[in-house]
Amino acid sequence: MKTKGILLDLDSIQENEKSVIRLFVKTENRIEIFKDKNFSPYFYVKALDNKKAIKDIIEKEFEGKEKKFKAIKAEESIEGSIKIYFNSTTDLVEALQQIKEISGITEKREYDFIFTSRYLIDKGLEPLNGIEIEEEEKEINSIKKIETETELNFIAFDLETYSETKFSDAKFDPILMSAVTFFDKKTNKLKTEIITTKKGSNVLLVKEEKEIIEKLKEKIQGKDVLITYNGDSFDLPYAKERARKLKTRFDIGIDGSEPLIRRKGLYNATRVKGIPHFDAYQLVRILARFGIINSIKYDLETIVNSIYGIKKEKIKAEDITRIWKTGEGYEKLLKYNYEDSEYTYKIAFDFFPLMAELGKLTKQTLFEVNRSSASDMVEKLLINKSFQEKKLFPNKPNETEIKKRIMQSLKGGHVREPIAGLHENIAVLDFRSLHPSIMISHNISPETINCKCCKNGKHVSPEGNWFCENKKGFLPSIQKELLDKRTELKNELKKEKNELKKTSLNARQHAMKILLNSFYGYLAYERSRWYSFESAKAVTAWSRYYIKEIAKKAEEQGFTVIYGDTDSAFIKMPKTKTKKDVLDFVKKINLDLPGVMELELEGFFKRGIFVTKKEGTAAKKRYALIDEKDKLKIVGFEYVRRDWSGIAKNTQKKVIELVLKEGKPEKAIQEVKKVIKELKEGKIQKKDLVIFSQIKKSIGSYDAIGPHVSAAKKAIKKGKSIGTGSIIGYIITRNGKSISDKSELEEFVEEGNYDSEYYIKNQVIPAVIKIIQEFGYDEKDLILGGKQSSLSAFG
DNA sequence: TAATTCGCTAGACCGA
DNA sequence: TCGGTCTAGCGAA
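Report on the accompanying structure. (Residues numbered from 1 in each chain as written. Chains lettered and ligands numbered in written order. Predicted model: local features only at pLDDT ≥ 70, side-chain atom pairs only at ≥ 80, totals over all residues. Heavy atoms only, no water.)

## With respect to the overall build of chain A
Secondary structure assignment for chain A yields 23 helices and 29 strands. In terms of overall size, chain A behaves like a compact globule, its C-alpha atoms giving a radius of gyration of 30 Å where 795 residues would be expected to give roughly 28 Å. Relative to its full complement of 795 residues, chain A shows a buried share of 51%. Taking as baseline every contact in chain A between residues at least 6 positions apart, the subset at least 24 positions apart corresponds to 64%. (Helix = DSSP H or I, 4+ residues; strand = E, 2+ residues; numbered from the N terminus. Rg over C-alpha atoms; globule rule 2.2 N^0.38 Å. Buried < 20%, exposed > 50% of the residue type's maximum accessible area, 1.4 Å probe, protein only. Contact = heavy atoms within 4.5 Å.)

## Topic: the pattern of salt bridges
A pair can form between side chains of opposite charge whenever their charged atoms are brought close. As enumerated under the stated definition, the model contains 82 salt bridges in all. A salt bridge links Asp340 to Lys312; its shortest N-O distance comes to 2.5 Å. In this pair, Asp340 is assigned in helix 9 (residues 330–362) and Lys312 in the loop between helix 7 (300–308) and helix 8 (317–326), connecting sequence segments 28 residues apart. Residue Lys579 is joined to Glu628 by a salt bridge in which the shortest nitrogen-to-oxygen separation is 2.8 Å. Taken together, the residues Lys579 in helix 17 (residues 579–592) and Glu628 in the loop between strand 25 (618–627) and strand 26 (632–635) connect sequence positions 49 residues apart. Among the residues examined, Glu628 registers a relative accessible area of 48% and is labelled partly exposed. A cluster of three or more residues bridged by salt bridges with shared partners is formed by Asp11, Arg22, Asp255 and Lys273. (Salt bridge = Lys/Arg side-chain N within 4 Å of Asp/Glu carboxyl O.)

## Considering the sheet that holds strand 15 (residues 203–205)
Pairing is mixed across the open sheet formed by 6 strands, whose spatial order is 15-14-13-12-16-19. Single-partner strands in this sheet number two, and they are strand 15 and strand 19 (277–279). The sheet shows a mean angle of 30° between the axes of neighbouring strands, direction not considered. Pairing analysis gives 8 bridges linking strand 13 (residues 175–184) to strand 14 (residues 189–196), with the strands arranged antiparallel. (Pairing = 2+ DSSP bridges. Axes fitted to C-alpha atoms, helices over the stretch in contact; angles between N-to-C directions.)

## So, the protein's contact with DNA strand C
Close contacts around DNA strand C come from 19 residues, with Asp567, Tyr623, Arg642, Gln694 and Tyr702 the closest. Taking all atoms of DNA strand C within 4 Å of the protein, the share assigned to sugar and phosphate is 85%. Within the side chain of Tyr623, a nitrogen or oxygen atom sits 2.8 Å from a phosphate oxygen of DNA strand C. The side chain of Ser693 places a nitrogen or oxygen atom 3.4 Å from a sugar or linking oxygen of DNA strand C. When residues of the surface near DNA strand C are traced back to their parent elements, those giving at least two are strand 25 and strand 27 (691–694). Among the residues making up the surface near DNA strand C, the classes are represented as 5 nonpolar, 5 polar and 9 charged. (Near = heavy atom within 4 Å. Polar contact = N/O pair within 3.5 Å; in protein donor to acceptor, adjacent residues only side chain to side chain. Nonpolar A, V, L, I, M, F, W, Y, C, P; charged D, E, K, R; others polar.)

## A few points about the pairing of strand 12 (residues 154–161)
Within strand 12, 8 of the 8 residues are buried, leaving the element largely enclosed by the surrounding structure. What you see with strand 12 is no split at all: Phe154, Ala156, Asp158 and Glu160 on one side and Ile155, Phe157, Leu159 and Thr161 on the other are buried throughout. Both strand 12 and strand 13 contribute to a ladder of 7 bridges, which runs antiparallel. Looking at the pairing, Leu159 lines up with Ser178 of strand 13.

## Points about the environment of Glu678
Relative to the helices and strands, Glu678 resides in helix 19 (residues 665–680). Along the sequence, Glu678 and Pro665 sit 13 residues apart, while their C-alpha atoms lie 20 Å from each other. Setting aside anything within four residues of it in sequence, one finds Glu678 in contact with Lys683, Ile684 and Tyr754.

## Comments concerning the sheet that holds strand 29 (residues 743–745)
Read across the sheet, 3 strands follow the order 27-28-29 without closing on themselves; strand pairing throughout is antiparallel. At either margin of the open sheet sits one strand with a lone partner, and together these are strand 27 and strand 29. The mean inter-strand angle of the sheet, taken between neighbouring strand axes irrespective of direction, is 45°. As judged from the 3 bridges shared by strand 28 (residues 727–732) and strand 29, these two strands associate in the antiparallel manner. In the sheet register, Ile731 faces strand 29, and the bridge partner there is Glu744.

## Observations regarding the environment of Arg244
One can find Arg244 in helix 5 (residues 235–245). Judged by its relative accessible area of 56%, Arg244 is exposed. The spacing of Arg244 and Lys171 is 73 residues in sequence and 9.5 Å in space, taken between C-alpha atoms.

## Comments concerning unusual backbone geometry
Positive phi, close to 50°, is recorded for Asn425, a residue that is not glycine. Relative to the helices and strands, Asn425 is located in strand 21 (residues 421–431). At Lys621, a residue that is not glycine, the phi angle is positive and equals roughly 60°. On the secondary structure map, Lys621 appears in strand 25.

## Focus: the packing of aromatic side chains
Considering all chains together, one arrives at 29 aromatic pairs under this definition. Ring centres 6.1 Å apart and planes at 45° place the aromatic pair Phe467 and Trp542 in the tilted group. Pair noted here: Phe467 is in the loop between helix 13 (434–441) and helix 14 (474–495) and Trp542 is in helix 16 (residues 533–556), with a separation of 75 residues, a long-range link. The pair formed by Phe467 and Trp542 is uniform in burial state, with each residue classed as buried. Look at Tyr563 and Phe610: their rings are 5.3 Å apart centre to centre, the planes differ by 55°, and that puts the pair in the tilted class. Here Tyr563, found in strand 22 (residues 560–565), pairs with Phe610, found in strand 24 (residues 599–612); they are 47 residues apart in sequence, far enough to count as distant. Here Tyr563 and Phe610 have matching classes, each one buried. Ring pairing ties together the aromatic residues Phe154, Phe278, Tyr345, Phe349 and Phe352, which thus form one cluster. We note Lys108 situated over the ring of Tyr111; from NZ or CZ to the ring centre the distance is 5.9 Å. In this structure, Lys718 is placed above the aromatic ring of Phe748, and the distance from its NZ or CZ to the ring centre is 4.2 Å. (Phe/Tyr/Trp six-rings, centres within 6.5 Å; stacked < 30°, edge-to-face > 60°. Lys NZ or Arg CZ within 6 Å of the ring centre and 35° of its normal.)

## Things to note about the packing of helix 18 (residues 646–662) against helix 22 (residues 756–773)
Axis separation between helix 18 and helix 22 bottoms out at 9 Å; the angle between their running directions is 20°. The angle between helix 18 and helix 22 falls in the class roughly parallel. Two packed elements cross with a definite hand, and for helix 18 against helix 22 that hand is right-handed. Taking contact as the criterion, the partners of Ile647, Ala648, Thr651, Gln652, Val655 and Ile656 in helix 18 are, on helix 22, Tyr759, Gln763, Val764, Ala767, Val768, Ile771 and Ile772. (Parallel < 35°, antiparallel > 145°, perpendicular 65-115°, else oblique. Left-handed = near helix turned anticlockwise from the far one by under 90°.)

## Topic: the layout of surface pockets
The calculated volume of the second largest pocket comes to roughly 1,600 Å³. Every residue lining the second largest pocket is counted, 46 residues in all, and those nearest its centre are Glu149, Thr150, Glu357, Lys360 and Ser504. A total of 10 residues in the lining of the second largest pocket trace back to one element, the largest contributor, which is helix 9. In terms of residue class, the lining of the second largest pocket is built from 18 nonpolar, 10 polar and 18 charged. (1 Å grid on protein atoms, 1.4 Å probe; cavity = no way out; pocket = protein on both sides within 12 Å on 5 of 7 lines; lining within 4 Å. Points joined across faces, edges and corners; volume = space filled by probe spheres on them.)

Remember, this is a structural readout, not a statement about activity or role.
See the structure below:
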């Protein structure tokens, strides 16, 4: 019988001592389980004498935990290796240890790879894409990928729980309510309901806590993707534990299992069999790593604000309990629960296409890709290609090798010292995808380096290594494929009118961009299977070479180069030069660049400012530009840093704006004076004084107790739970001697209790002084009344 | 518990 | 209480 569906999830189980793959497939209207009993785990070995080794392997009795077993098959395979099959993954693991007892075996390969990933790659399947199964009574005879439009039913949920202390403990504290959000087909809109035991808006009333869990379970059943915000560590483990306490089961898995909690260091990964658990918190972490979003904190309120610009109200744990007890503010609590669930749904929904595409490209399930690192993704992609090209992929490095790799240090990009001051008519040029384009254009790959044939060829790096011109490198050939496909998709995107198709095309090209940019890092990452220090070294050597060449040529053309960082050149156009001259220059450069390397014009800016450091030389990585539409671009300054107070950041922004937009340093000075006055008068609100900083290691292991550590320590004494990874918001109060003494967690500080001296001298003034100094003013002009200088910017 | 290096700044820490 | 050094965090690319 033929069945078509969408592949949601897979796992492997042991059945009659055999490993069996189970696929969770969305067919017509439900999720069904299909078993594949014909796929055996395997690994490869290399041997001195294959014939003899095969005979020995076949005859070998391996010692299992319970009984002896044999390999089911051993045969000659790719690259002169021997492929050995086993009944189960447990057999394979045992055999892996004992295989070295056979003489003449020199090497083991492809043994450290997850069985389910193996299955997807070998069968050429893509999670969240279509599959066609030839089956009998749910047992798979054959399977293949087909292209299908993915239409899935999502459901998000969010729990509110009771707590006498700061944190709820599932052993004692009940679930008060659970919001669920899903797409309502009747109204074609999102619908959110709150399952709870007290009446109110949008409430789905039940009698007791146990029924909340059961109702939630009922709501989840029939959906295809389960969305939470930090469900990995909170909502799912909590619901599971409460169910146990209340003598019921939270068995939402398609196979009737409960959520499976796997400890992953400090965090959990919680899996639901058959229904991919899509944790929006994990998603947001990934997006932040790839620079897609930028946020100070990772709680839902901050994230919603940074993605959608919407201010969502937060209710603290203790208030939830108070509201529940008194009933006062109950509607607010309902709204809070409602919004948590709805925004969680929205974030996950909006970024689902991107994650789905990353999953398809790297052959990872949604659950996996949702918790995957950049190196994971590149590695899976490479392994997949390796399989397609019938090659053996490299082993993971052992710990000794990893340590050796860490010892090596790599020189990075070139940063040019800026010319400090105010500049006008700036053109910013930059290389399009610098690292990938260097890798592709110079064929940089671990196996093309220093080949026999091309020592004096085109691809000799500035530091001496060279790369083959005859044989295409493994890594760059994949990058080229991605690049070409991406260009094609972007062209299609331009023509496409249908919004849904546009979303999907855009997600695909974005996924490719992310992967493309991760190759270089993977090459230089110590745990990489395709590690090549010398290759990575060549990439950066070339990057330095090319960007310096651009600067040199720009100067030869009569431009002044005012700055450059890694892949960019900021050039100042003298009066005699036009925009066309800049574009012609770019064009000319591109004629000489090799392969796919390309210089682009990022934009024209009417003004820009670079400042000096304390020691007097110009500061790199901090500047501000204003374009022709008066749009500011502020880089590196305190304004973009979370470890500065709002009052300092906002004042700095205003100063930059006044100076760049209107060329009025005098106005800027007035502005700063005004802020200083308000600070002195105690008028500044708490929220503008908070400084955020992360506790990056265990609180006891600090040598230097800075303000954030000090505030954290005090808060811990008061019963707050703060650990590695916590982001602290603190305020410098009037109570104490040193800055650290005065530092206190924001929530413990009364409105108005702040050290105005600190905020003036250590926050506002340092944030603006370097900028106004460029106009001939100094600190005295900010504190004293009179104006010391009358220099004007454009006078 | 998983990409890299370059660069800036603050504030503690320490010895004179 | 000073100045130099070191620890720490965060951002740019």
